[in-house]
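Examining the three-dimensional arrangement
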Amino acid sequence: MTIAAHQQRAESLLHAAGILPVVTVHTLEQARAVSAALLEGGLPAIELTLRTPVAMEALAMLKRELPDVVVGAGTVLTVEQMQQAIDAGADFLVTPGTPAHMADALAAAPLPVVPGAASPTELLALYARGFRVCKLFPASAVGGLAMIKGLAGPIPDLKLCPTGGITETTAAEYLEQKNVVCIGGSWMVPNNWIESGDWEKVKTSAAAAAQIVSRVRTR
Ligand code: 3PG
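In what follows, the accompanying structure is described. Computed from a predicted model, the values in this text were never measured in an experiment.

Calculation notes
Residues numbered from 1 in each chain as written. Predicted model: local features only at pLDDT ≥ 70, side-chain atom pairs only at ≥ 80, totals over all residues. Heavy atoms only, no water. Core = buried A, V, L, I, M, F, W, Y, C linked by side-chain atoms within 4.5 Å. Buried < 20%, exposed > 50% of the residue type's maximum accessible area, 1.4 Å probe, protein only. Helix = DSSP H or I, 4+ residues; strand = E, 2+ residues; numbered from the N terminus. Contact = heavy atoms within 4.5 Å. Phe/Tyr/Trp six-rings, centres within 6.5 Å; stacked < 30°, edge-to-face > 60°. Lys NZ or Arg CZ within 6 Å of the ring centre and 35° of its normal. 1 Å grid on protein atoms, 1.4 Å probe; cavity = no way out; pocket = protein on both sides within 12 Å on 5 of 7 lines; lining within 4 Å. Points joined across faces, edges and corners; volume = space filled by probe spheres on them. Nonpolar A, V, L, I, M, F, W, Y, C, P; charged D, E, K, R; others polar. Near = heavy atom within 4 Å. Polar contact = N/O pair within 3.5 Å; in protein donor to acceptor, adjacent residues only side chain to side chain. Areas by Shrake-Rupley, 256 points an atom, 1.4 Å probe, with all protein chains shown as cover. Sits in = over half its atoms within 2 Å of the grid points. Axes fitted to C-alpha atoms, helices over the stretch in contact; angles between N-to-C directions. Left-handed = near helix turned anticlockwise from the far one by under 90°. Salt bridge = Lys/Arg side-chain N within 4 Å of Asp/Glu carboxyl O.

1. A look at the nonpolar core
One finds Ile19, Leu38, Leu48, Leu59, Leu93, Leu123 and Ile183 to be the most contacted residues of the largest nonpolar core, which totals 69 residues. Looking at this core, the element that brings in the most residues is helix 10 (residues 199-217), giving seven residues. Once residues lying within four places of it in the same chain are set aside, the contact partners of Ile183 are Gly18, Ile19, Leu20, Cys161, Pro162, Ile166, Ala171, Tyr174 and Leu175. In this structure, Ala45, Val133, Cys161 and Val181 belong to the second largest nonpolar core, which totals 13 residues.

2. With respect to the packing of aromatic side chains
What the rule picks out here adds up to zero aromatic pairs. We note Arg132 situated over the ring of Tyr127; from NZ or CZ to the ring centre the distance is 3.6 Å. A cation over a ring is seen here: Lys135 above Phe137, with NZ or CZ 4.8 Å from the ring centre.

3. Some details on the layout of surface pockets
Considering only enclosed or pocket space, the largest pocket measures out at about 200 Å³ in volume. Around the largest pocket, the lining comprises 16 residues; the ones closest to its centre are Val22, Thr24, Arg51, Gly185 and Ser186. Here the lining of the largest pocket is built from residues that sort into seven nonpolar, seven polar and two charged.

4. Considering the site of the ligand
Within the structure, the ligand sits among Val22, Arg51, Phe137, Thr163, Gly164, Gly165, Gly185 and Ser186. For the ligand, an oxygen atom lies 2.7 Å from a polar atom in the backbone of Gly165. Ser186 has a polar side-chain atom sitting 2.5 Å from an oxygen atom of the ligand. Expressed as a share of its isolated accessible area of 310 Å², the protein-covered part of the ligand is 77%. With respect to the detected pockets, the ligand is housed in the largest pocket. For the shell around the ligand, the class distribution of residues is two nonpolar, five polar and one charged.

5. What to know about the packing of helix 2 (residues 28-41) against helix 10
One can describe the packing of helix 2 onto helix 10 by two numbers: an axis separation of 7 Å at closest approach and a directional angle of 40°. For the pair helix 2 and helix 10, the sense of crossing is right-handed. Contacts between helix 2 and helix 10 pair Gln30, Ala33, Val34, Ala37, Leu38, Glu40 and Gly41 from the former with Trp199, Val202, Lys203, Ala206, Ala207 and Ala210 from the latter. Each residue belonging to the contact of helix 2 with helix 10 can be placed in one class, and the counts come to nine nonpolar, two polar and two charged.

6. With respect to the pattern of salt bridges
Taken as a whole and judged by the stated rule, the model has nine salt bridges. Notably, a salt bridge pairs Asp91 with Lys63, separated by 2.8 Å at the nearest N-O pair. Within this pair, whereas Asp91 is found in the loop between helix 4 (79-87) and strand 4 (92-94), its partner Lys63 is found in helix 3 (residues 55-65), the two being separated by 28 residues in sequence. Linking Asp104 and Arg129 is a salt bridge whose minimum nitrogen-to-oxygen distance equals 2.6 Å. Remark: Arg129 occurs in the loop between helix 6 (120-128) and strand 7 (133-136) and Asp104 occurs in helix 5 (residues 100-107); sequence separation between them is 25 residues. Take Arg129: its relative accessible area is 37%, and that puts it in the partly exposed class. Several salt bridges converge on common partners, so that one network encompasses Glu29, Arg32 and Glu65.

Structure (structure tokens):
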């Protein structure tokens, strides 16, 4: 499959998700329970960060035990991690930023990828390589809505998944932007809820997030 086909799949997958919870877990049990709560709340796709020692094993476990959860590997920083995440069964990959050697590897990867970038120059470098769906990170810190609106003029066919600093309150306005395909965030999976096993709170907050997607899309 070509990069264009993989990018189309990435766009469909992110559009179907609408909101992508950024999940960090320290145990397999946390991974299982938080993913199940998000799924029950109406958010079936997650970005599981590779920031903890258990992350890769959690990714493989989720693909085995919760087949209805769409699992993206996030915080993919190296080509080695990229390959491990693919081997573990990741449905897609996300990077927080994309140096040239990672862009090369991601362009050749056999699955949908969402490379991260923080500026027009970085986004245009990815665009030139054939990427059409990118993560804008850290979105609120690099200009937020004003930046996203500014990018729609010169590169209207580049779709963004802004992530970083988005809250339940600001989510709808981000999602309404014509060049935004999906938004990412951790507000529905804060660390303290995961540590204390507050799965009902995760489920309620995921349901509220899913409602935001429905409201914005039916306007
Ligand atoms: C992250 O990398 O932690 C994500 O971008 C989540 O950002 P947020 O916690 O600001 O939503």
